[in-house]
Amino acid sequence: MTGAGQAPEIIRRYFAYASQPDTEAYLGLFADDAVVEDEGKEYRGIAEIRRWRGEVPLVSYEITDVEQTPAGTVVTAAISGDFPGSPFAGLRFRFSEYDDEVIRRLRIAP
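Residues numbered from 1 in each chain as written. Predicted model: local features only at pLDDT ≥ 70, side-chain atom pairs only at ≥ 80, totals over all residues. Heavy atoms only, no water.

Student: I'm lost on the pattern of salt bridges in this one. Help?
Tutor: Should the charged atoms of two oppositely charged side chains come close, the side chains can pair. One pass over the full model with this rule turns up eight salt bridges. Note that Glu42 and Arg105 form a salt bridge whose closest N and O atoms lie 4.0 Å from each other. Here Glu42, found in strand β2 (residues 41-44), pairs with Arg105, found in strand β6 (residues 103-109); they are 63 residues apart in sequence, far enough to count as distant. Among the residues examined, Arg105 registers a relative accessible area of 27% and is labelled partly exposed. Close ionic contact of Glu97 with Arg105 constitutes a salt bridge, the shortest N to O distance being 3.8 Å. Through salt bridges with shared partners, a single network forms among Glu42, Arg44, Glu97 and Arg105. (Salt bridge = Lys/Arg side-chain N within 4 Å of Asp/Glu carboxyl O. Helix = DSSP H or I, 4+ residues; strand = E, 2+ residues; numbered from the N terminus. Buried < 20%, exposed > 50% of the residue type's maximum accessible area, 1.4 Å probe, protein only.)

Student: What's the story with the pairing of strand β4 (residues 72-81) in this structure? I'm lost.
Tutor: For a regular strand, the rule is simple: side chains alternate between the two faces of the sheet. Within β4, seven of the ten residues are buried, which leaves the element mostly enclosed by the surrounding structure. The pairing of strand β3 (residues 59-69) with β4 spans ten bridges and is antiparallel. By the bridge assignment for β4, Tyr61 is matched with Ile79. Taking the residues that link successive antiparallel strands as the turn, the β3-β4 hairpin has two residues. In this structure, the hairpin formed by β4 and strand β5 (residues 88-98) is closed by a connection of six residues, where Gly85 is found at a positive phi of approximately 85°. (Pairing = 2+ DSSP bridges.)

Student: Quick question: what am I supposed to make of helix α3 (residues 45-55) here?
Tutor: In an α-helix, one turn spans 3.6 residues; hence positions three or four apart end up facing the same way. Gly45, Ile46, Ile49, Trp52 and Arg53 are the residues of α3 that are buried. Within α3, the buried residues cover an arc of 125° as seen down the axis, which keeps them to one side. Looking at α3, the residues exposed on the side facing more than 90 degrees away from the buried face are Ala47, Gly54 and Glu55. (Arc of directions from axis to C-beta.)

So this is what it looks like as structure tokens:
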């Protein structure tokens, strides 16, 4: 297991901004044509990602693992917040297309 410090900077910023109410900083991490998949649904582009982000509760993250795979960087985290089943351990965030500037593809799944 590796710690959060092993994640690329853009991914560390993702988790820092995701737990904050300022959605502009969070949305600024994504490419204009980015795709986020969460709970089996795809959100394409900033407008759809903004809508999705507005519908999910703010949560706090505790990163438990960072793994570099051929399919991208997989971060496993425990999340807690105002949602049924909180806290939830073992949520996986697969960042499959990103660079130092933007995230292009993110899949969130248990």
